[in-house]
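Listed below are the residues making up each chain.
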Amino acid sequence: MAKRLGHPKFTFLGLDPCAICGFEGRGFGFRLDLSGLYPHYVFCSMPCVRIGEAIAKSNGGKIEKMALSDIENHAIVDARLQLWEAAQRVGIADHIEKMSPEQIDDLVKSVVIGFQASIQRAMGRGEVPF
Ligand SMILES: [Zn+2]
């Protein structure tokens, strides 16, 4: 069973989620030195494989759950304002008001993970996103 770093809610078609971004795995796999001594991980794209490989090589073959950096955590909190403004525009602000800060941050993280996964897939197809 693959370990995962990303958001555990992104499971489609019964495939394990990517160990890096949490989006649906696409048949990309990695195991350090192809040795049974190390865990096998699945990924959604070659960019995520490269990230996972770099982490595994520097961490004894394991890709541990990575905590968000202080900057990323701060950015998620900062994005609450944009979420609130968007919720007001579409008429769901009263629902957002009932949510805890943790639930709001989970919502923001889910959107960010989905966005990043899409960009990574585009990069995996050789497309330059920006
Ligand atoms: Zn991925």
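Look above for the structure.
These numbers come from a predicted model, not from an experiment.

Quick word on the overall build of the protein
Item 1. Counting its secondary structure elements, the protein contains four helices and two strands.
Item 2. Counted from the first residue to the last, the protein has its helices and strands arranged as β-β-α-α-α-α.
Item 3. For the protein, buried positions account for 20% of its 130 residues.
Item 4. Taking contacts inside the protein between residues at least 6 apart in sequence as the whole, the part at least 24 apart equals 41%.

Some thoughts on helix α1 (residues 46-58)
Item 1. End to end, α1 covers 18 Å across 13 residues, agreeing with the expected 18 Å (1.5 Å per residue, within 8%).
Item 2. Those residues of α1 not exposed but buried are C48, V49, G52 and A56. Mapping the buried residues of α1 onto a view down its axis gives an arc of 100°, with all of them on the same face. Exposed and oriented more than 90 degrees from the buried face of α1 are A54, K57 and S58.
Item 3. Once α1 ends, the next one or two residues include G60, with phi positive near 60°.

Quick word on the environment of E97
Item 1. Its location among the elements puts E97 in helix α3 (residues 93-97).
Item 2. The sequence separation of E97 and W84 amounts to 13 residues, and the corresponding C-alpha distance is 8.7 Å.

Examining the nonpolar core
Item 1. Counting 14 residues, the largest nonpolar core has C18, A19, F43 and C48 as the members making the most contacts within it.
Item 2. The set of elements that each furnish at least two residues to this core consists of β2 (41-43) and α1.

Topic: unusual backbone geometry
The general pattern is negative phi for most residues beyond glycine and trans for most peptide bonds.
Item 1. Here the phi dihedral of D33 falls at roughly 55°; this positive angle occurs in a residue that is not glycine.
Item 2. Here D33 lies in the loop between β1 (28-30) and β2.
Item 3. A tally of 10 C-beta atoms within 10 Å means that D33 is categorised as exposed.
Item 4. The backbone phi angle of L34 is positive, close to 50°, even though this residue is not glycine.
Item 5. Inspection of the secondary structure puts L34 in the loop between β1 and β2.

Rules used throughout
Residues numbered from 1 in each chain as written. Predicted model: local features only at pLDDT ≥ 70, side-chain atom pairs only at ≥ 80, totals over all residues. Helix = DSSP H or I, 4+ residues; strand = E, 2+ residues; numbered from the N terminus. Buried ≥ 20, exposed ≤ 12 C-beta atoms within 10 Å, placed from the backbone. Contact = placed C-beta atoms within 7 Å. Expected span 1.5 Å × (residues − 1). Arc of directions from axis to C-beta. Core = buried A, V, L, I, M, F, W, Y, C linked by C-beta atoms within 7 Å.

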